[in-house]
Amino acid sequence: MLIYLIIVVSFCAIYPLVPRKHIKWLFLALVLALSVMAFFVKPLPTDDLMRYYDSLELLRKKSFAGYLNLQRSGYGNYVPVCGMYFYLISKLGNNNFLPAITIFLTYGSMLWVIWRFANFYKISKLYLFIGTFFLLSTYWYYDTCSGIRNGLAFAVAIFCLYFDLVEKKKIFCIGYLVALGIHSAAVIFLGLRLLTEVNMRLKTKAFNIISLVGIFFGSYIIELLGKVFNNSFFRVLLEKTAINKSRMTDISRGTTIVSLILLLAVIIMCAYMNHRISRDGIEGVDDINYFLTLLMSFTVGSLVSLLIFTRFIHWVIPMFGSLTIMLCLDLNKRKRQEIYSAPHGKSTIKKDISVYRSNEILLNLMIIVLSLLNLYFLCFISVMHSAVFKI
């Protein structure tokens, strides 16, 4: 999809010219460009967006009282926040605002998190670029355009997770309910967050092991909940997360192979980051680090479910992968700089520094190759290649 590729390449070309403190304005320009692109999308016949456009046409003719009657009758099976979101957008008079506003909110929230994360941990401009490029190359833009609810719900949940786990602003916890109100699959984030909180309070190895093993079988647990609590509340809450679990992930498909390579690379980055944190005694990253560990365990376990695995690879791993990349590269650089001032002999310093430089070169090479591979796949092989944008 040449338009998306042109936007990404333009961002990469302009980025070096913008001072570090003004990168947020470049992010805003990027989000606006992606939103304008989404405004002109022409849905494929099989896309959920075609069905959502029909819903907007109906909602446009309804008063607010009429909308509430539709919601009570279960029209579209939309959870409350999603239903209100659709109703408000229907009043704008043009269906194309739905994908455009969704892309603006989704990419806007993710890039804002990346910007805040980089500032919070004082990450360099170069590593900020690498993390952002990774996100743009691996996040499935067209799936968010066409699917709307999943991508938006996960973006809201990730936005709240950042402020909750990193900046410790607990008021954002209410956002988890907003995410659940957009799509029931966001319940997974709530479960992972609760496990993180319990582990951070107990700090016992036994609970840590139980959590990791349990979350590995998370998709089976979700299915069990759907069967045990077989009532209207859990049918809406768990929705396709449990109901559609039966389809196994086909590892012979090209999309799955690319996804597995992506997952493996992020796991390697997480493992290296864990190594640096435990070995160097890094403080202030325990919560987010443990959450990432649980997330990786759950994602690997979700290979038994095509739907859950696809959702996480398309909308979750790219975002958390970008944060992991930035922090991992930054921790490696910090350690390298620390060695310069350490009271060792010159030969020891040279040897230690060369190790960290080699690590950085290997990590950067892996990230760049993986990002370019995914970007090519997104633009020229995936369903996005067959999408039409009437610009």
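Remember, predicted model here, so these are calculated numbers, not experimental data.

Undergrad: Could you clarify how one ought to interpret the overall build of the protein in this entry?
TA: Looking only at helices and strands, the protein has 19 helices and 2 strands in total. For the protein, the proportion of its 391 residues judged to be buried stands at 53%. Across the protein, the fraction of contacts at a sequence separation of at least 24, relative to all contacts at a separation of at least 6, is 78%. Carbon and sulfur atoms make up 69% of the accessible area of the protein, which amounts to about 17600 Å² in all.

Undergrad: Help me understand the pattern of salt bridges in this model?
TA: Pairing between side chains of opposite charge can happen when the charged atoms of each approach one another. Per the stated rule, a full pass over the model turns up 10 salt bridges. Note that arginine 201 and glutamate 197 form a salt bridge whose closest N and O atoms lie 2.8 Å from each other. Of this pair, arginine 201 and glutamate 197 both sit in helix α11 (residues 187–202), separated by 4 residues, roughly a single helical turn. Connected via shared salt-bridge partners are Asp164, Lys170, Arg193, Glu197 and Arg201.

Undergrad: How should I be thinking about the environment of leucine 195 in this particular structure?
TA: The topology assignment puts leucine 195 in helix α11. Using a relative accessible area of 23% as the deciding quantity, one classes leucine 195 as partly exposed. Measuring from C-alpha to C-alpha, the distance between leucine 195 and tyrosine 290 comes to 9.5 Å, with 95 residues separating the pair along the chain.

Undergrad: Explain the packing of aromatic side chains here, please?
TA: According to the stated counting rule, one finds 30 aromatic pairs in the structure shown. Residues phenylalanine 11 and phenylalanine 129 carry aromatic rings whose centres are separated by 6.4 Å and whose planes lie at 15° to one another, so their mutual orientation is stacked. Here phenylalanine 11 is found in helix α1 (residues 2–14), whereas its partner phenylalanine 129 is found in helix α7 (residues 125–138), with 118 residues between them in sequence. Phenylalanine 129 shares its class with phenylalanine 11; the two are buried. Between tyrosine 107 and tyrosine 139, the aromatic rings sit 5.3 Å apart at their centres with planes inclined by 80°, giving edge-to-face as the arrangement.

Parameters and conventions
Residues numbered from 1 in each chain as written. Predicted model: local features only at pLDDT ≥ 70, side-chain atom pairs only at ≥ 80, totals over all residues. Heavy atoms only, no water. Helix = DSSP H or I, 4+ residues; strand = E, 2+ residues; numbered from the N terminus. Buried < 20%, exposed > 50% of the residue type's maximum accessible area, 1.4 Å probe, protein only. Contact = heavy atoms within 4.5 Å. Areas by Shrake-Rupley, 256 points an atom, 1.4 Å probe, with all protein chains shown as cover. Salt bridge = Lys/Arg side-chain N within 4 Å of Asp/Glu carboxyl O. Phe/Tyr/Trp six-rings, centres within 6.5 Å; stacked < 30°, edge-to-face > 60°.

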